[in-house]
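Letter by letter, the chains look like this.
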Amino acid sequence: MPPFVAQKDTETARSSASRDGLVSHAGGLTRRNLLRAGAAVAGVAALGPLAEAMGRLAGPAEAATWFSGTIADEGFQYRLTNFAQIKPQWRRQMVKYYSPEPPGTVVVDTKNHFLYWIWENNTALRYGVGVGKEGFQWFGHARIDRKALWPRWVPPPEMLKRKPDLPKLVKGGAPNNPLGPRALYLYRDGRDLGYRLHGTLEPWSIGSDASSGCIRMFPEDVVDLYQRCPIGTRVLVLEHLGASDDKS
Amino acid sequence: MADRTASRLTAALLLAALAAGCAGQTGSGLIDLPDTTNAPAEGFASVKNGSEQDFILHVGRRTYFDRGSAELDDTAKRTLKSQAAWLKQHPGWYAKLQGHADDPGNAAANQALSAKRAETVMAYLVQEGVPADRLWAKGYARKRLVRDCKQVECTAQNRRVITNLRREKDESAPD
């Protein structure tokens, strides 16, 4: 499948709106924050079902409260997330990170719904993610061998069987394309694993088990991660931090 | 191992103390943060607009390059446009552009390539409107690898330029 890449030079005042949103909602060093960090350690998966239920309940009118305007990006546009609606733990943040994984690795903790981009000095940039409804079905090492701006979406055959009314292909940049503005494709030994890190049209689904097999992120975050991870970046998908990584 | 256990214990005690309402400081950064995964990284518990942490978290310091190349691809240009916009918005910052290489060729070739990458980034930021007197460039060859191995998992991370914010300009500083 050739990459569906919209090569346009329509650079805009990219992400300043979303940046301000993130900055203004970044919490101070408070008791609440420390407790939140503790809660994150303890596992925040319990919040998932709630968020998912809210997503199901959200009709068109209510869904609007999860967004905060739109932003032009590479010839298309996406809806900005209203981060005031998002639980603090799902927002992008720099955290301490202790693991045997080397810097320059992406680690996905599917159970706790975090994606870590590991840096030097025991730190990592952490993003909230949504994962497959049945829990993620694949664990192990992979590599980002391909990245795409505004990827097209081809529903996998299993999904078409479950939902026959789905379109066979949704063009990149289309408002109903569930992948959003970017996708990073996971490969192993040169083979496309069929798993992607991508955006979402449903910000309420971040922090829950709601997609089918893929790792979804806020559109702002997948745009950010795309810039930070070069082709060749190593990825490790874990059931949870500390779990064995040799299941595949 | 013992250290990790001890730091976890410290973290647990700290959290317990905070829950009991013993925290004397808030928002000042004076509390030692627990050394556990998911605790806020130093300086990142509260990120102010225009701070170095803001730049790191919301813009990103790294621009990547292809094997043997000092050319900017579309992704690199997008990163640098964001950096330029931020630097223009926050004129109190200078930036040292630190070029790195982990490419085919000998030490001299890697030194030259790393310097050329840093200079290319500097030229692009200037083209985007950042005053040249706020920037300077230096090459580090293979001296500061993110990770050392022959595979692309390592080399792709190492072929980069770091836009390192500084409060003053000092081209003679050792690093």
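Predicted model, so just to flag it, every value in this text is computed and none were measured.

Chemist: Hey, could you run me through the overall build of chain B in this one?
Modeler: Within chain B, the regular secondary structure consists of five helices and four strands. Along chain B, helices and strands appear, N-terminal first, in the series α-α-β-α-β-α-β-α-β. Of all 175 residues assigned to chain B, the portion counted as buried reaches 38%. Long-range pairs, those at least 24 residues apart, make up 68% of the contacts in chain B between residues at least 6 apart in sequence.

Chemist: Explain the pairing of strand 4 (residues 160-166) of chain B here, please?
Modeler: Residues and elements named next belong to chain B. Here three bridges tie strand 1 (residues 62-64) to strand 4, and the two strands are oriented antiparallel to one another. Bridged to threonine 63 within strand 4 is valine 161. Here strand 2 (residues 94-99) runs beside strand 4; their pairing, made up of six bridges, is antiparallel. Note on strand 4: the bridge partner recorded for glutamine 98 is isoleucine 162.

Chemist: Looking at this structure, I do not really get the sheet that holds strand 3 (residues 135-139) of chain B. What am I missing?
Modeler: Strand pairing in a sheet is mediated by backbone hydrogen bonds. Such pairs are either parallel or antiparallel. Residue and element names in this part refer to chain B. Strand order in the open sheet made by the four strands is 1-4-2-3, with mixed pairing throughout. At either end of the open sheet lies a strand with only one pairing partner, and these are strand 1 and strand 3. Averaged over all pairs of adjacent strands, the angle between strand axes in this sheet comes to 20 degrees, irrespective of strand direction. Pairing analysis gives five bridges linking strand 2 to strand 3, with the strands arranged parallel. Bridge pairing in strand 3 links alanine 95 to leucine 135. Contacts from helix 3 (residues 74-89) reach strand 1, strand 2 and strand 4, with the element oriented near 155 degrees to strand 1. Along the sheet, helix 4 (residues 107-127) makes contact with strand 1, strand 2, strand 3 and strand 4, crossing strand 3 at roughly 165 degrees.

Chemist: Before we go on, may I ask you to explain the pairing of strand 1 (residues 67-73) of chain A in this structure?
Modeler: All names here are of chain A. Relative to strand 2 (residues 76-81), strand 1 is paired through five bridges, and the arrangement is antiparallel. Across the sheet, the residue bridging to isoleucine 71 is tyrosine 78, located in strand 2. Hairpin geometry of strand 1 and strand 2 is characterised by an intervening segment of two residues between the two adjacent antiparallel strands and by a positive phi of about 50 degrees at glutamate 74.

Chemist: In this structure, what is going on with the confidence of the model for chain A? I would like to understand it.
Modeler: Close reading of the predicted structure is inappropriate where its pLDDT is low. Residue-level pLDDT values for chain A average 78, and 71% of them are 70 or greater. Every residue in residues 1-59 of chain A scores below 50 in pLDDT, and together they form 115 contacts with partners more than four places removed in sequence or on other chains.

Chemist: Got a minute to help me understand the sheet that holds strand 6 (residues 123-128) of chain A in this structure?
Modeler: All names here are of chain A. An order of 3-6-5-4-13-8-9-10-12 is seen for the nine strands of this open sheet, with the pairing classed as mixed. The open sheet has two edge strands with one neighbour each: strand 3 (93-96) and strand 12 (215-216). When strand 8 (residues 140-149) meets strand 13 (residues 233-238), the two strands line up antiparallel, connected through five bridges. Note that in strand 13 the partner of alanine 142 across the bridge is valine 235. Across the sheet, helix 6 (residues 219-228) is in contact with strand 5 (114-119), strand 6, strand 8, strand 9 (182-188) and strand 10 (191-198); its angle to strand 9 comes to roughly 55 degrees.

Chemist: Teacher, can you tell me more about helix 6 of chain A here?
Modeler: Residues separated by three or four positions in an α-helix point in the same direction, a consequence of the helix having 3.6 residues per turn. Burial analysis of helix 6 of chain A places eight of its ten residues in the buried class, the great majority of the element. Every buried residue of helix 6 of chain A is accounted for by Pro219(A), Glu220(A), Asp221(A), Val222(A), Val223(A), Asp224(A), Leu225(A) and Tyr226(A).

Chemist: In this structure, what is going on with helix 3 of chain B? I would like to understand it.
Modeler: Taking 1.5 Å of rise per residue, the 16 residues of helix 3 of chain B would be expected to cover 22 Å, and the 23 Å separating its terminal C-alpha atoms lies within 8% of that figure. Every buried residue of helix 3 of chain B is accounted for by Ala76(B), Arg78(B), Thr79(B), Leu80(B), Ser82(B), Gln83(B), Ala85(B), Trp86(B) and Leu87(B). Turning to helix 3 of chain B, the residues buried within the fold contact helix 6 of chain A together with helix 2 (52-58), strand 1, strand 2, helix 4 and strand 4 of chain B.

Chemist: Even after reading the chapter, I still don't get the packing of helix 3 of chain B against helix 4 of chain B, so can you show me in this structure?
Modeler: The description of two helices packed together rests on the angle between their axes and the distance between the axes. Residues and elements named next belong to chain B. At a minimum axis separation of 9 Å, helix 3 and helix 4 run at an interaxial angle of 55 degrees. With respect to helix 4, the axis of helix 3 lies oblique. The way helix 3 lies across helix 4 gives a crossing that is right-handed. Facing helix 3, whose interface residues are Leu80, Gln83, Ala84 and Leu87, helix 4 presents Val121, Tyr124 and Leu125. For the contact of helix 3 with helix 4, a count of residues per class yields six nonpolar, one polar and no charged.

Chemist: Honestly, the nonpolar core in this entry has me stumped. Any pointers?
Modeler: Most often, soluble globular proteins keep nonpolar side chains buried together rather than apart. Counting 80 residues, the largest nonpolar core has Leu115(A), Val129(A), Met217(A) and Leu225(A) as the members making the most contacts within it. Here this core takes six residues from helix 4 of chain B, the largest share from any one element. If near-sequence neighbours (up to four positions away) are discounted, Leu225(A) is found in contact with Trp117(A), Tyr127(A), Leu184(A), Leu197(A) and Met217(A).

The rules behind these values
Residues numbered from 1 in each chain as written. Chains lettered and ligands numbered in written order. Predicted model: local features only at pLDDT ≥ 70, side-chain atom pairs only at ≥ 80, totals over all residues. Helix = DSSP H or I, 4+ residues; strand = E, 2+ residues; numbered from the N terminus. Buried ≥ 20, exposed ≤ 12 C-beta atoms within 10 Å, placed from the backbone. Contact = placed C-beta atoms within 7 Å. Pairing = 2+ DSSP bridges. Axes fitted to C-alpha atoms, helices over the stretch in contact; angles between N-to-C directions. pLDDT = per-residue confidence, 0-100. Expected span 1.5 Å × (residues − 1). Parallel < 35°, antiparallel > 145°, perpendicular 65-115°, else oblique. Left-handed = near helix turned anticlockwise from the far one by under 90°. Nonpolar A, V, L, I, M, F, W, Y, C, P; charged D, E, K, R; others polar. Core = buried A, V, L, I, M, F, W, Y, C linked by C-beta atoms within 7 Å.

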